[in-house]
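Structural features, examined
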Amino acid sequence: MPIGDDHAMRIVIAGSSGLIGTACVALLRRRGHEVVRLVRRAAAAPDERSWDPPSGVIEPGALDGADAVINLCGVGILDRRWSDGRQQIIRDSRLVPSEVLAGAVADAGVPVLVNGSAVGYYGDTGDRAVDEGAPAGAGFVAGLCVDWEDAAAGATASGGRLVIARSGIVLARSGGLLGRLRPLFSAMLGGRLGSGRQYMSWISLEDHVAALCFLIENESISGPVNLTAPAPVTNDDFTRALATAVGRPAPWVVPGFALRAVVGGAADEMILTGQRAVPRELARHGFQFAHPTVDSCLPATVGG
């Protein structure tokens with residue numbers, strides 16, 4: 001069922017208040033589609049329906065007539081240090097909503113569930129390029145992604161389509177990684193992290209939300225899809241490109257021990273190592289990126 005401007009659809013989104021969710025809702029509405037937002041409180045607007053993932057409760061009728069469900073739930077993975085308790089919160093915030101929505105999608109006969117995941121699935125790939133056929137890596141994040149994707153598997157129980165959106169680092173004008181880095185780079189406090197040789201798989205916010213729509217539109221797409229730009233870069237290259245975009249030098253180097261002191265064990269999985277993930281499935285189905293390289297993305301994103 002196409003998502004083109006000539007065919008309005010009813011799309012239910014969980015996690016609509018975050019950076020990606022807000023942009024996705026706005027894009028869908030610009031295209032003339034009806035968006036229903038699942039909220040974890042009493043519904044207070046006509047476009048809201050309440051749900052409580054820990055209790056497995058969704059407001060009756062919330063998914064009635066839905067053409068697609070998009071699940072973007074999950075607390076920030078680098079917002080706090082990784083204690084055992086924090087790691088459990090990170091897992092629960094992803095696995096529980098995925099399992100609940102997958103069951104509800106199957107029960108309601110919704111044609112497609114687009115469920116979040118991340119390229120952290122692949123673990124540390126060094127300079128080796130990986131696509132959606134690569135196996136899972138090792139570590140907390142890779143294990144989280146494996147379980148996160150498994151939690152959504154029930155969506156296919158009634159014959160529906162399941163798409164796993166393995167997101168890279170989303171680059172946006174405000175919020176996310178650039179929201180933290182831009183002030184530092186503008187103040188000439190930016191620099192590479194560790195060796196700088198670790199790869200960063202990134203995607204512009206504009207391309208990310210367009211890709212989510214693309215995944216709903218294309219009925220031939222199912223399974224894992226890397227939501228990353230076609231040209232991943234090393235942290236060193238990213239640092240240089242961001243410094244150029246803000247018009248400031250970035251002479252500093254943040255050593256690994258300093259990063260570990262600030263964010264703990266997350267540094268070794270999320271900052272000092274990375275994934276060189278490429279979007280084979282998006283390319284194979286003809287998705288057109290607005291920002292295929294960091295040199296095209298960063299000036300447009302941090303400028304103005």
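All values derive from a computational prediction rather than experimental measurement. (Residues numbered from 1 in each chain as written. Predicted model: local features only at pLDDT ≥ 70, side-chain atom pairs only at ≥ 80, totals over all residues. Heavy atoms only, no water.)

With that out of the way, let us pick up the UniProt feature "domain: NAD-dependent epimerase/dehydratase" (unreviewed entry) in the protein. Mapped onto the present numbering, the UniProt feature "domain: NAD-dependent epimerase/dehydratase" (unreviewed entry) falls on residues 11-218. Across residues 11-218, the secondary structure splits into 35% helix and 23% strand, with the terminal C-alpha atoms separated by 15 Å. (UniProt positions renumbered as here; feature names shortened; annotations may be inferred. Helix = DSSP H or I, 4+ residues; strand = E, 2+ residues; numbered from the N terminus.)

Those residues of helix α7 (residues 256-263) that fall on the buried side of the exposure criterion are Gly256, Leu259 and Val263. Burial along α7 is one-sided: seen end-on, the buried residues are contained in an arc of 60°. Facing away from the buried side of α7 by over 90 degrees, the exposed positions are Phe257 and Ala261. Tucked inside the fold, the buried residues of α7 contact β10 (191-193), β15 (252-254) and α8 (266-271). Two residues or fewer after α7 comes Gly264, characterised by a positive phi angle close to 70°. (Buried < 20%, exposed > 50% of the residue type's maximum accessible area, 1.4 Å probe, protein only. Arc of directions from axis to C-beta. Contact = heavy atoms within 4.5 Å.)

Attention now moves to a nonpolar patch on the surface. On the surface, a nonpolar cluster with roughly 320 Å² of combined accessible area is contributed by Leu184, Leu189 and Trp252. Positionally, Trp252 belongs in strand β15. (Patch = residues over 30% accessible without salt bridge, like charges linked within 9 Å, V, L, I, M, F, W, Y side chains within 5 Å. Areas by Shrake-Rupley, 256 points an atom, 1.4 Å probe, with all protein chains shown as cover. Salt bridge = Lys/Arg side-chain N within 4 Å of Asp/Glu carboxyl O.)

Taken as a whole, the second largest pocket holds about 180 Å³ of empty space. Lining the second largest pocket we find Leu19, Leu171, Ala172, Arg173, Ser174, Ser204, Leu205, Glu206, His291, Ala300 and Thr301. Elements supplying a minimum of two residues to the lining of the second largest pocket: α5 (205-217) and α10 (294-302). A breakdown of the residues in the lining of the second largest pocket according to their chemical character gives 5 nonpolar, 4 polar and 2 charged. (1 Å grid on protein atoms, 1.4 Å probe; cavity = no way out; pocket = protein on both sides within 12 Å on 5 of 7 lines; lining within 4 Å. Points joined across faces, edges and corners; volume = space filled by probe spheres on them. Nonpolar A, V, L, I, M, F, W, Y, C, P; charged D, E, K, R; others polar.)

Taken as a whole, this structure holds 14 salt bridges when the rule is applied. Across the salt bridge formed by Arg280 and Glu132, the nearest N and O atoms sit 3.7 Å from each other. One end of the pair, Arg280, is in helix α9 (residues 280-284); the other, Glu132, is in the loop between β7 (129-130) and α3 (140-151), and 148 residues separate them in sequence. With relative accessibility at 37%, the residue Arg280 sits in the partly exposed group. With relative accessibility at 6%, the residue Glu132 sits in the buried group. The partner of Glu281 in a salt bridge is Arg280, and the shortest N-O contact between them spans 3.2 Å. With relative accessibility at 8%, the residue Glu281 sits in the buried group. Residues participating in the shared-partner salt-bridge network are Arg29, Arg37, Arg41, Asp47 and Glu48.

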